[in-house]
Amino acid sequence: MCSRWRNGPSDFTSFSRFGALVSLALGFAALPALAQSAGDHFRQDDFQGRPALVVSNDLLELTILNTGGAFARLVLTDDADKINPMWDHIRMARERNRPMWGLNYVGHFICVDGFGPPSDEEEKAGFPQHGEARDLAWTTESAVKKGKIAELVQAVHLPRVQEMLRRTIRLVDGENVVYVHSTLENLLTFDRPINWAEHGTIGSPFFEPGTVVDLSATQAMTRPDQMDRDNLGHRVPPGKEFTWPHAPKRGGGTIDLRLAPESSGTMDRYGFLIDPEREFGYVTALNPKRRLLLGYVFPRSDYPWLQIWEYLPPKGMMIRGLEFGSQAFDWPRRKVITMNKLFDTMLYRWLPASSTIEARYLMFWTRAPEGFQGVDDIELRDGQLHIRDDRSGQTLSLKASQGL
């Protein structure tokens, strides 16, 4: 993630707070009363004082913000410590005793239509960073239990780009998996390129020194136009190609990006091409000490790119973005459309006139076996996720009856 300020951070923060307060007010009104048939699988709640909806099964509990639709909290129902792998921006701001970068940067949020800062002209016209979806109140269209499946359908109209985003979330009893199916409808009568990213973001206490990230990437590059924030430096030089997981290091040598380091006072971004030979890509994060594993599996045709955003301040919460989407970096739309391709792969998607496109992924959150050291491959077959760790010689299998 990134930001642009015309007159310094305080102006951006004030604007974000104003917009978010309006959205918060709308968010309270946007959620209808839940159907009696929903039972205990849906409930209205709050997250850090912000209105939210909780959807759950017997193994997982997912908290979704009314404004922005962000996945703010994901916990195992039987976890006494209720460890949440998601980045809690609200807690981070409180710890730092500093304003937040934006009220809707929480956990896993969706960047549609836009991933990155607006152009100068878009900013003057009021177009937000990372698109409109994260700043608006979402409407809950249905929340029902169908047999073993808890299904939530939410939608948000994007007035500036005239698009309708609709998302269906399913949790199945007995499964450690969240299934997500999204559609984006073009309300206008001409084709246009769009930017779409799932901004999955992890933070402490789950993301800490020793946490391991794995992904199914081939070619990679450090961000050519490095961005500065909070006076943090950079571990890597700009615009250098490499192969996962060994990124070039400033001053020589390489960095193993799998392993979260001690806080280094740096912030960097890396763009990865998901292996073109795979039907499904993946990215995972494992905390071996806590034996907790978070993962995403997605069709490579829907999400051909992944950006890692790494924020390692001298003290306080460390953050890593696991951002899979339509482009390699969070760049303005004009830049990605002008570039067109990187590593011979498109940097945006087409949304045809008066048409709808879709995207799917699944997210899992589970305990890892004793001695599990990382993820070398994930296969989705026979109604299960088979998660292989070649280092320990173990395979973790999770029920995934809905597939992709």
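Check the entry above for the structure.
Residues numbered from 1 in each chain as written. Predicted model: local features only at pLDDT ≥ 70, side-chain atom pairs only at ≥ 80, totals over all residues. Heavy atoms only, no water.

## Remarks on the overall build of the chain
In terms of helices and strands, the chain carries 4 helices and 28 strands. The buried share among the 404 residues of the chain stands at 60%. Considering only intrachain contacts with a sequence separation of at least 6, the fraction spanning at least 24 residues in the chain is 63%. Element-wise, carbon and sulfur atoms account for 49% of the exposed surface of the chain, whose accessible area totals about 15,500 Å². (Helix = DSSP H or I, 4+ residues; strand = E, 2+ residues; numbered from the N terminus. Buried < 20%, exposed > 50% of the residue type's maximum accessible area, 1.4 Å probe, protein only. Contact = heavy atoms within 4.5 Å. Areas by Shrake-Rupley, 256 points an atom, 1.4 Å probe, with all protein chains shown as cover.)

## Some details on the pattern of salt bridges
Going through the model one piece at a time under the given rule, you end up with 31 salt bridges. Put simply, Arg223 and Asp330 hold a salt bridge, and the shortest N to O gap is 2.3 Å. Here Asp330 lies in the loop between strand E21 (319-325) and helix H4 (333-339) and Arg223 lies in the loop between strand E13 (217-222) and strand E14 (241-243), a separation of 107 residues in the sequence. Across the pair, exposure class does not vary: Arg223 and Asp330 are buried alike. For Glu310, the salt bridge is made with Arg320, and the minimal N-O distance between the two is 2.4 Å. With Glu310 in strand E20 (residues 305-312) and Arg320 in strand E21, this pair connects stretches of sequence that are 10 residues apart. For the pair Glu310 and Arg320, one class covers both residues: buried. Ionic contacts of the salt-bridge type, sharing partners, join the residues Arg43, Asp45, Glu61 and Arg73 into one network. (Salt bridge = Lys/Arg side-chain N within 4 Å of Asp/Glu carboxyl O.)

## Quick word on the environment of Phe71
Looking at where Phe71 falls in the secondary structure, it is placed in strand E4 (residues 71-76). The sequence separation of Phe71 and Trp87 amounts to 16 residues, and the corresponding C-alpha distance is 9.7 Å. Excluding residues within four positions of it along the chain, Phe71 makes contact with Leu62, Thr63, Ile64, Met86, Val106, Gly107, His108, Arg167, Ile169, Val180, Tyr361 and Met363.

## Some details on the packing of aromatic side chains
Per the counting criterion, the structure on display carries 16 aromatic pairs. Centroid distance Trp87 to Trp309: 5.5 Å. Interplanar angle 65°. Geometry classified as edge-to-face. Residue Trp87 is found in the loop between E4 and helix H2 (89-96), and its partner Trp309 is found in strand E20; the two are separated by 222 residues along the sequence. The pair formed by Trp87 and Trp309 is uniform in burial state, with each residue classed as buried. We note Lys335 situated over the ring of Trp331; from NZ or CZ to the ring centre the distance is 4.9 Å. (Phe/Tyr/Trp six-rings, centres within 6.5 Å; stacked < 30°, edge-to-face > 60°. Lys NZ or Arg CZ within 6 Å of the ring centre and 35° of its normal.)

## Brief notes about the sheet that holds strand E2 (residues 50-56)
Overall, antiparallel pairing links the 4 strands, which are arranged E1-E2-E3-E4 in an open sheet. The open sheet has two free edges, formed respectively by strand E1 (42-47) and E4, since each of these has just one partner strand. Between one strand and the next, the sheet's axes are offset by a mean angle of 25°, whatever the strand orientation. By the bridge criterion, 5 bridges tie strand E3 (residues 60-65) to E4 in an arrangement that is antiparallel. (Pairing = 2+ DSSP bridges. Axes fitted to C-alpha atoms, helices over the stretch in contact; angles between N-to-C directions.)

## A look at the pairing of E13
Strand direction decides the pairing type here: E13 and strand E17 (residues 266-274), joined by 4 bridges, are antiparallel. Note on E17: the bridge partner recorded for Thr222 is Tyr270. Relative to E14, E13 is paired through 3 bridges, and the arrangement is antiparallel. The residue bridging Met221 from the neighbouring strand is Glu241, located in E14.

## Regarding the sheet that holds strand E27 (residues 384-389)
The antiparallel open sheet is built from 3 strands, whose spatial order is E26-E27-E28. Two strands close off the open sheet at either side, each with one partner strand: strand E26 (377-381) and strand E28 (394-399). Going across the sheet, the axis of each strand differs from the next one's by a mean of 20°, ignoring polarity. Pairing of E27 with E28 involves 6 bridges; the strand directions are antiparallel.

## Some thoughts on the pairing of strand E18 (residues 280-287)
When you tally the buried positions in E18, you get 8 out of 8 residues, the bulk of the element. Along E18, one buried face is formed by Phe280, Tyr282, Thr284 and Leu286 and the opposite face, lined by Gly281, Val283, Ala285 and Asn287, is buried too. Relative to E18, strand E12 (residues 212-215) runs antiparallel, the two being bridged by 4 bridges. Bridged to Asp214 within E18 is Thr284. Here E18 runs beside strand E19 (residues 292-299); their pairing, made up of 8 bridges, is antiparallel. When the bridges of E19 are listed, Leu286 appears paired with Leu293. Hairpin connection, E18 to E19: the antiparallel pair is bridged by 4 residues, and Arg291 has positive phi, about 55°.

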